[in-house]
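# Topology and contacts: notes
What follows is each chain in one-letter form.
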Amino acid sequence: MATKERILGLLRGGEAARIRFTVSTTAGVITISRATFATVADAIQAGKIKVTPQAVFSPGVGAEYHTGAVPGGPSGELLVPPIFGREQEGLAMHECTHAFFDLKKTDIMATEEEAICYVVDALYFRMTGLTRLRWNNEPHKTAGAVADALLRQYQAGDTAIPAVDLTAWRSLVLGVALNPTYLAKTAGFIHWFGGADRYINDG
């Protein structure tokens, strides 16, 4: 199956349909649900987002999403590794969540955007039964605790779209800001502390 079709299958699959939560951010309350992934799938299908297979990434990076891939062209470009299984699928889900924020022109702190994407991939890993040893590095580990709490709320069925615990959320955002992968980038700690960290989400 071609990479583009594999990504569309993920975005329209059973796990994506089950992932749902709200979180309070500096940009207001953000809702992630099946509509999030349907929006990205539709954009890929329409040619607004380009899907490009890529075998090699920088250390600590498993996949990437670039906004404004081609001036006057697609909204962005999704760079994904060869998809052999659940690990690569989860990383692709992470980057597709970035694509959603780009499509919606969401003005959100980059550390918060990253944290939401980590919750998405942690939920995917948990739902598909990927062993923890394969995704237990940070910030995945902290995101995994957030995902565990959400899954308990799913099981209880008290709320259609449960909210992320605020204390756990703040720990995850701080963990992203301090992570070496992001420390020297837009989402780095100094930018985070000053409230100036932003990705370019320009649709």
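Worth saying up front: this structure is predicted, and the values here are computed from it rather than measured.

## Things to note about the pairing of strand β5 (residues 76–80)
Most of β5 sits inside the fold, with five of its five residues counted as buried. Judged by which residues are buried, β5 turns out to be covered on both faces: Gly 76, Leu 78 and Val 80 on one side and Glu 77 and Leu 79 on the other are all buried. Sheet analysis places strand β3 (residues 49–53) next to β5, joined by five bridges and oriented parallel. Within β5, the position partnered with Pro 53 by the bridge is Val 80.

## Points about the pattern of salt bridges
Within this structure, the stated rule accounts for five salt bridges. With a shortest N-O distance of 3.1 Å, Arg 6 and Glu 89 are connected by a salt bridge. Taken together, the residues Arg 6 in helix α1 (residues 3–11) and Glu 89 in helix α4 (residues 86–103) connect sequence positions 83 residues apart. Overall, Glu 89 belongs to the buried group, its relative accessible area being 12%. Here Arg 126 ties to Asp 148 by a salt bridge, and the two come within 2.6 Å at their closest N and O atoms. Within this pair, whereas Arg 126 is found in helix α5 (residues 110–127), its partner Asp 148 is found in helix α6 (residues 140–156), the two being separated by 22 residues in sequence. Exposure remark for Arg 126: the relative accessible area of 32% places this residue in the partly exposed category. Under the relative-accessibility criterion, Asp 148 is labelled buried at 16%. Here the residues in one salt-bridge network are Arg 126, Arg 132 and Asp 148, joined through shared partners.

Rules used throughout
- Residues numbered from 1 in each chain as written.
- Predicted model: local features only at pLDDT ≥ 70, side-chain atom pairs only at ≥ 80, totals over all residues.
- Heavy atoms only, no water.
- Buried < 20%, exposed > 50% of the residue type's maximum accessible area, 1.4 Å probe, protein only.
- Helix = DSSP H or I, 4+ residues; strand = E, 2+ residues; numbered from the N terminus.
- Pairing = 2+ DSSP bridges.
- Salt bridge = Lys/Arg side-chain N within 4 Å of Asp/Glu carboxyl O.

In short, shape yes, function no, at least from these values alone.
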